[in-house]
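# Fold and contact review
In case you want the letters, here they are:
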Amino acid sequence: MFHRKDTRPVRVGDLTIGGSDEVIIQSMCTTKTADVKATVAEIHRLEEAGCQLVRVTVNNMEAADAVKEIKKQINIPLVSDIHFDHRLALAAIENGIDKVRINPGNIGRRSKVEAVVKACKERGIPIRIGVNAGSLENHLLEKYGYPTPEAMVESALFHIGILEELDFHDIIVSLKASDVPMAIAAYTQAAQAFNYPLHLGITEAGTLFSGTVKSAAGLGALLSMGIGSTMRISLSADPVEEVKVARELLKTFGLITNAATLISCPTCGRLDIDLFSIANEVEDYIANLKVPIKVSVLGCAVNGPGEAREADIGIAGARGEGLLFRYGEMVRKVPEAELLNELKKEIDIIVHEFNRT
Ligand code: SF4
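Now for a description of the structure that goes with this document. (Residues numbered from 1 in each chain as written. Predicted model: local features only at pLDDT ≥ 70, side-chain atom pairs only at ≥ 80, totals over all residues.)

Below, the discussion takes up helix H6 (residues 149-165). The terminal C-alpha atoms of H6, which comprises 17 residues, lie 24 Å apart, in line with the 24 Å expected from a rise of 1.5 Å per residue. Within H6, burial applies to Pro149, Ala151, Met152, Val153, Ser155, Ala156, His159, Ile160 and Leu163. Elements in contact with the buried residues of H6: helix H4 (110-123), strand S7 (127-132), helix H5 (138-144), strand S8 (171-176) and helix H7 (180-193). Trailing H6 by a residue or two, Asp167 shows a phi angle of about 60°, which is positive. (Helix = DSSP H or I, 4+ residues; strand = E, 2+ residues; numbered from the N terminus. Expected span 1.5 Å × (residues − 1). Buried ≥ 20, exposed ≤ 12 C-beta atoms within 10 Å, placed from the backbone. Contact = placed C-beta atoms within 7 Å.)

Its identity as a non-glycine residue notwithstanding, Glu204 has a phi of 45°, on the positive side. Mapped onto the fold, Glu204 is located in the loop between strand S9 (198-200) and helix H8 (208-224). Even without glycine at this site, Thr267 takes up a positive phi of about 70°. Residue placement: Thr267 occurs in the loop between strand S11 (261-264) and helix H10 (275-286). The exposure class of Thr267 is partly exposed, given the 17 C-beta atoms found within 10 Å.

Let us look at the packing of H7 against H8. Axis separation between H7 and H8 bottoms out at 9 Å; the angle between their running directions is 20°. Classed by the angle they form, the pair H7 and H8 counts as roughly parallel. Crossing of H7 against H8: the hand is right-handed. Across the interface between the two elements, Val180, Ala183, Ile184 and Tyr187 of H7 pack against Lys214, Ala217, Gly218, Ala221 and Leu222 of H8. For the contact of H7 with H8, the per-class residue count stands at 7 nonpolar, 1 polar and 1 charged. (Axes fitted to C-alpha atoms, helices over the stretch in contact; angles between N-to-C directions. Parallel < 35°, antiparallel > 145°, perpendicular 65-115°, else oblique. Left-handed = near helix turned anticlockwise from the far one by under 90°. Nonpolar A, V, L, I, M, F, W, Y, C, P; charged D, E, K, R; others polar.)

Written out as structure tokens, the structure reads:
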């Protein structure tokens, strides 16, 4: 099996996907791409949340034209999502897109595929082949009867073959299904079949709650096996939530180096402070920090101090007050009403110190 470190590195703008343990976080705009102002505003919010690569739909010529202006106003690479119409791909490429998501087998005549590949080669733009269990080619459905992991991998190999014939190798592949076990099997088989980097995703995963659980189950299994060089969490929610979930998932596997982590206890009858609100406020406060600090918020002074010592900064509740720990040492006692503000101040100090070193 090709571990993500062993995949072929593919450049996308100033990023490299594949060939290392890094997993790039991406998301997709919900705006009409032709609405440059709204699209740029959404991309700025995604950038702020930690999104590293963003996709927009290019479903008409107005959208392809908008790419030029959007590119001028954003800081992360831009991907165009295109189905069938090679003229839209050519226009997006002409306008400075960094990556094209298109399935070469769906473009039509060979001359059209050649035109897209030639344009991508000239500008060093990669192509993402997006296999989807819900839209497999007819010849595969006839062969397998219904979508299967094997059919999905065969579909990927079919599209890869077209690009390789044209000596094009800057390829990234996704094999998305909304059925989690099917997606896990398809990605696992793909990681055995070829060494192009894999873009992970559970498609149509659902709402913020159910989609997060499904995506974490599917992508977590794959990430833990070393599969996946980029990922998008698909949620029926604000795309900023997709980025937040992706970052949390990568933190879980130690695959992100620039994120703060919150440790908080589930609480029990020993709870001595209003822990849920403090934990939620701290989570919001550290959400966009780009430093690898660990913050703990624990409810009581029984198990709390031991756990809090493991973190860079932490509190353990006591009756009407909290014990503040910093790098394993108890710093001071703080009245409950001031705990949150004191903790935020300490976090700011640690972040400041980290950024200075
Ligand atoms: Fe209960 Fe204290 Fe453990 Fe929290 S830290 S779960 S309040 S024993």
